[in-house]
2 protein chains.
Amino acid sequence: MAASKPPTTAKVWRSVGVLGGGQLGRMMAEAAHRLGARVVVLDPTEGCPAAQVCHAQVVGDFRDKASVLELARQVDVLTCEIEHVNAAAMAEASAVTTVEPSAETMAVVQDKFAQKQHFADAGGVSLGEFREVSSEADIAAAGAEWGWPLMLKARRMAYDGKGNAVVPSAEQVPAAAAALGGAGPGALYVEKWVPFERELAVMVVRGRDGEVRSYDCVETVQRDSVCHVVIAPARVDGVLREQARRVAEAAVATLPGAGIYGVELFLTQRASAGEPQRVLLNEVAPRPHNSGHFTIEACECDQFENHLRAVMGLPLGSTAMRVGAAVMVNALGTGSGDADLEATWGPLARGLSTPGAALHWYGKAGVRLGRKVGHVTVTGSSPMEAAARAEAVLGEPLPGAAAGAGGAAGGAASAAMGGPGPLVGVIMGSDSDLPTMRAAAEVLRSFGVPFEVSIVSAHRTPDRMMQYARQARARGLRVIIAAAGGAAHLPGMVAAMTPLPVIGVPVPLKHLDGVDSLHSIVQMPRGVPCATVAIGNSTNAALLAVRMLSVAMPHLADAMEAYQADMERTVMEKVERLESTGWEAYGRSD
Amino acid sequence: MAASKPPTTAKVWRSVGVLGGGQLGRMMAEAAHRLGARVVVLDPTEGCPAAQVCHAQVVGDFRDKASVLELARQVDVLTCEIEHVNAAAMAEASAVTTVEPSAETMAVVQDKFAQKQHFADAGGVSLGEFREVSSEADIAAAGAEWGWPLMLKARRMAYDGKGNAVVPSAEQVPAAAAALGGAGPGALYVEKWVPFERELAVMVVRGRDGEVRSYDCVETVQRDSVCHVVIAPARVDGVLREQARRVAEAAVATLPGAGIYGVELFLTQRASAGEPQRVLLNEVAPRPHNSGHFTIEACECDQFENHLRAVMGLPLGSTAMRVGAAVMVNALGTGSGDADLEATWGPLARGLSTPGAALHWYGKAGVRLGRKVGHVTVTGSSPMEAAARAEAVLGEPLPGAAAGAGGAAGGAASAAMGGPGPLVGVIMGSDSDLPTMRAAAEVLRSFGVPFEVSIVSAHRTPDRMMQYARQARARGLRVIIAAAGGAAHLPGMVAAMTPLPVIGVPVPLKHLDGVDSLHSIVQMPRGVPCATVAIGNSTNAALLAVRMLSVAMPHLADAMEAYQADMERTVMEKVERLESTGWEAYGRSD
């Protein structure tokens, strides 16, 4: 295997040719340098972003066959940073050198209808409904069948929302078709409108040997159809994130080429409370992707390096996150004037003063409306820390977040409002335990820890308890607080079915003053611990949960020290008042 | 302030000239690109490591005044990646452009005797003894006074152990002096031999406004006087690491120039068990440093970017680690032959297959003995994970580590053997509690969690208890397990004086069967939680500690799931045996 061999010369390990020299090529070149690879880009603009930092540039159009072949002859492997390349030229180049992803893959994905049809034919990839159209009548017929609005898309050369049109009604079909260049055969296709709650994305890397690895599922937030913010991991249940990864991996596994793929997905809206949400494939780009920029700081091997490893036939790198959470903010041009320059630079200027913020300026020749000129990624030990830092960079609240970064809202409300997923699950055997447990919720909220509150009864809902406990880790919970009274089996049973730390709160019932609950919860057999707190003291359960989380999130240890200092101050004030008032008067005049 | 202003052109933010174009310049250029800065290097070797990836090179000697001035005229700020530059030329260049660190700083540090004298004069920096020598007789006199061996050093042009000689005895003085070019006036100086336990290093960045920030203290391990491995954080008590940072910050605060500084330190050996260890300054290099390479992956802003921020007058970046631990391994040339090439490449080849390993190949023209040709940094969520990954990259045990990565040894033994610092403190009120607590130690060892075991009595050693609790977080502990019987105040009192989670183990005494201890430990007042486990069940205390650590260290959650599956298997075997043997015979024939 290539990986175990030393380079044939110590100077460079291998040379890579890249079609396109924008910011994706630039960041690819930076990853290549670390691997000791020589990078040559093909781009029409002399001194393009990638050329500024790489070994050499072939000045030419990356769609021009002669230029592609000229580059191919100079390198060990040819790849691309953009999908709008000349697939036929890539096919020819593969006679000269290794070409990845394959020309076949490029041809399939370039035609977005053919791409969708490819995934439909392959099976195993959840898709919304879509259909080829060859006339305005076809479009109108689809709308009549599926309802309005209808999504009309150009099959080729679409990016950043360009090439898409939302058709609100049958009357608007001609105008929409005209805006996309006309509805002649082979030009357009339609998609049934998908009411989605959020847009998700998953980066997937595929090795030359077909091995597929995915990164954690992220959430993308668009502004004027251009990616503006990416939140990693996505602020949805961990089980849904896993589902998104499976859909994305299944899609990429059907494509023959090696490299990194950006997979865009929709998370459907719930039509009713009980209905499960679905993850649908939107589209796949066979290249590094804006929704994967967070991987540079946040993951063990970033999307650019993993792309190079894949196309060079090296072992794939780990896709695991090495931080608790990350948020990427694009610097998008607001126009071309002087004021626009300042506004565009804004996130980067604020990023310079934000801890945990990493700047990436692309070195483009100018700024114009909607142009991506740089990005900032913030990392944090927790979703709350990353969100607060992202808001410092944005200069405004994180899109779709609950008011007050840190997901102060608890339970289902938190998810619905777009806060980070809950880290602490607060469950109780019965709603009669809620008066005891309310204090726990208040403490967690005051520390800005996202949490959920629900009823899980060991004896009345044993299946639910088992499901809750078994899924807790995958869903993203880190700590469980469980309250129960009397026989009080809930905390211990949950502890038996999760590797997470479980805190038990003994709830006092009518008889025995809670000692029954205490003993039931604390006297667990060897092998399954349950962290027990004082009878009825859910405040301490929440404080203990915060201390546990602080093992991973130092900002919570700082907050706990502040809380302790505050307690001390409060008591010292009472000391002073008692000493100045005297014990006889104390409390009487208050 | 410069930070809040947009670039004057969107193309580049600022241009930086770098004296020297080796790997430090190369990594500096990579950081500059992210900030949108243009980099020009001055180096005699065309296509040197930095020139391969930066905007332009001035081919010339970085000690040649004309070349330095030529570079200075092209850039907004001039800096260096090597300290052996022409300080006089830098002084002249400062009339042309901004020069950082200042020529004055360079002049002071280039002469290692002058550097030491500077710190001695400044005060507040702990130093070993040193002395100027102008003859072999001076050297012999110092040895006679301080004892042998004696450290003899060249005042100028020393690096990677070159320019240093250990003089074992008076007889060896002439040979040692000759090896360093002779003991004439101004050439050499001597240092009293420092018996050190470990070599430490701290990277410190100093802004133009004098603001000083340090990174976490690391441990450096040399091979043949060249840096081989860097371990972050250093495997010493957190209080000592803080002390090292204070010494390093104090030293850098005395220097006038802006930029990053590599500060090398010694941690002295303990002469006797009770004696405190000292942190002594060894030397300071006013540039990015090998012991700071780990910051690229492990810290919120790396040493190269922070150097650029400092010299460009931008706000300094956060020096906080964003991972639990990191280890850097240098790829050092083993010679110039074909086999050497393969051996040299070894760590990088192994790094390609190691999760969490990041490769850095420098693109040097050839490999030769001791030459640094690249490095690999592994990160991990815990010191154990980082150590295991580092060993995969090294292909051998981590230098100075206890046998079996993961610091299986407990207590003082762990530190002495060079394992990672303890994450769990196991304390008990009396040695009579040890039989109860031994099981906790065994569980922690089986999970590979580094821990310490000691006696801390609330009632007999209240001062010690207070010190233990108050220092626990700073020392690096993440969880405390405290056992006590009867009145059992230890767990709760410790919990009152630390923000860490505290697990209480009620120890049963002669009377009351442990219920007294249980109630004393669990019934804590609102505000101070103590996670209580079953009476006498220290196994569960340790398992709970592992679950708590797993909040930060996912590999421990995986290990806990495996432990739970194993428990289930063990019971299922008993089920099978009982069912096949029958209840009458079960246990009788065993």
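Residues numbered from 1 in each chain as written. Chains lettered and ligands numbered in written order. Predicted model: local features only at pLDDT ≥ 70, side-chain atom pairs only at ≥ 80, totals over all residues. Heavy atoms only, no water.

Visitor: Please clarify how the domain arrangement of chain A should be interpreted in this entry.
Guide: Each assigned domain of chain A is listed with its residue range as follows: domain 1 (15–99), domain 2 (129–193), domain 3 (424–551) and domain 4 (559–585). Centre-to-centre separation of domain 1 of chain A and domain 3 of chain A, based on C-alpha positions: 57 Å. (Domains from an automatic or database assignment.)

Visitor: Is there a simple way to explain the relation of the copies chain B and chain A in this structure?
Guide: For these two chain copies, the linking operation is a rotation about an axis paired with a shift along it. Rotating chain B by 180° and moving it 0.0 Å along the rotation axis overlays it on chain A with an RMSD of 0.1 Å. On the angle and the small slide along the axis, the relation comes out as a two-fold axis. Here 99% of the interface residues in chain B have copies in chain A that are interface residues too; the copies meet face to matching face. (Least-squares fit on C-alpha atoms with pLDDT ≥ 70 in both. Contact = heavy atoms within 4.5 Å.)

Visitor: What is the right way to look at a nonpolar patch on the surface in this model?
Guide: All names here are of chain A. A cluster of nonpolar side chains, contributed by Val571, Met572 and Val575, occupies part of the molecular surface with about 240 Å² of accessible area. Inspection of the secondary structure assignment puts Met572 in helix H19 (residues 554–581). By relative accessible area, Met572 is classed as partly exposed at 47%. (Patch = residues over 30% accessible without salt bridge, like charges linked within 9 Å, V, L, I, M, F, W, Y side chains within 5 Å. Areas by Shrake-Rupley, 256 points an atom, 1.4 Å probe, with all protein chains shown as cover. Salt bridge = Lys/Arg side-chain N within 4 Å of Asp/Glu carboxyl O. Helix = DSSP H or I, 4+ residues; strand = E, 2+ residues; numbered from the N terminus. Buried < 20%, exposed > 50% of the residue type's maximum accessible area, 1.4 Å probe, protein only.)

Visitor: What is the right way to look at the interface of chain B and chain A in this model?
Guide: Interfaces are often sized by the amount of accessible area the parts lose when they come together. Opposite the 93 residues of chain B that make contact, chain A presents 92 residues. Across the interface of chain B and chain A, roughly 7700 Å² is buried in total on both sides, 56% from carbon and sulfur atoms. Counting across the interface, chain B meets chain A through six salt bridges. Here Glu300 of chain B ties to Arg389 of chain A by a salt bridge, and the two come within 2.8 Å at their closest N and O atoms. On inspection of chain B and its partner chain A, the count reaches 39 residue pairs in polar contact (both at pLDDT 80 or more). Those elements that provide at least two residues to the side of chain B that touches chain A are helix H1 (23–35), helix H11 (338–352), strand E17 (357–361), helix H16 (490–496), helix H17 (515–522), strand E23 (531–532), helix H18 (538–549) and helix H19 (554–581) of chain B. Split by residue class, the side of chain B that touches chain A holds 50 nonpolar, 25 polar and 18 charged. (Buried area = accessible area lost by both parts, 1.4 Å probe. Polar contact = N/O pair within 3.5 Å; in protein donor to acceptor, adjacent residues only side chain to side chain. Nonpolar A, V, L, I, M, F, W, Y, C, P; charged D, E, K, R; others polar.)

Visitor: I tried to follow the confidence of the model for chain A on my own but got confused; where do I start?
Guide: As a note on interpretation, predicted positions should not be read in detail where pLDDT is low. Residue and element names in this part refer to chain A. Across chain A, the average pLDDT comes to 90, with 94% of residues at 70 or higher. Contacts of residues 1–12 to residues separated by more than four positions or lying in other chains number 32 contacts, the stretch itself having pLDDT below 50. Segment residues 402–417 is flagged for pLDDT under 50; beyond a separation of four residues in sequence, or across chains, it makes 27 contacts in the model. (pLDDT = per-residue confidence, 0-100.)

Visitor: What am I meant to see in unusual backbone geometry here?
Guide: Residue and element names in this part refer to chain A. In this model, Trp148 is joined to Pro149 through a cis peptide bond whose omega is -5°. Within the secondary structure, Pro149 sits in the loop between helix H6 (136–146) and strand E7 (150–154). At Leu512, a residue that is not glycine, the phi angle is positive and equals roughly 65°. Here Leu512 lies in the loop between strand E22 (502–507) and helix H17 (515–522).

Visitor: Looking at this structure, how should I read the environment of Val311 of chain B?
Guide: All names here are of chain B. With respect to the helices, strands and loops of the structure, Val311 is situated in helix H10 (residues 303–312). Classification of Val311 by relative accessible area gives buried; the value is 0%. Val311 sits 273 residues away from Arg38 along the chain, and the two C-alpha atoms are 14 Å apart. When near neighbours in sequence (up to four residues on either side) are disregarded, Val311 contacts Val77, Thr79, Glu100, Arg208, Ala258 and Gly259.

Visitor: Where do I start with the sheet that holds strand E6 (residues 130–133) of chain B in this structure?
Guide: Across a sheet, paired strands are connected by hydrogen bonds in the backbone, their directions being either parallel or antiparallel. Residue and element names in this part refer to chain B. The strand order across the open sheet formed by four strands is E6-E9-E7-E8, and the pairing between neighbours is antiparallel. What marks the edges here is a single partner per strand, and that holds for E6 and strand E8 (164–167). Each strand axis lies, on average, 25° off the axis of its neighbour in the sheet, ignoring direction. Pairing analysis gives four bridges linking strand E7 (residues 150–154) to E8, with the strands arranged antiparallel. From the neighbouring strand, Lys153 faces E8, where its bridge partner is Asn164. (Pairing = 2+ DSSP bridges. Axes fitted to C-alpha atoms, helices over the stretch in contact; angles between N-to-C directions.)

Visitor: Just checking my understanding: could you explain the packing of aromatic side chains for this structure?
Guide: Pairs of aromatic rings are described using the distance from one ring centre to the other and the angle between the two planes. Residues and elements named next belong to chain A. All chains considered together, the criterion is met by 10 aromatic pairs over all chains. Chaining the aromatic ring pairs together yields one cluster made of Phe113, Phe130 and Tyr189. Stacked on the ring of Trp146, the Lys or Arg Arg131 has its end atom at 4.7 Å from the ring centre. (Phe/Tyr/Trp six-rings, centres within 6.5 Å; stacked < 30°, edge-to-face > 60°. Lys NZ or Arg CZ within 6 Å of the ring centre and 35° of its normal.)

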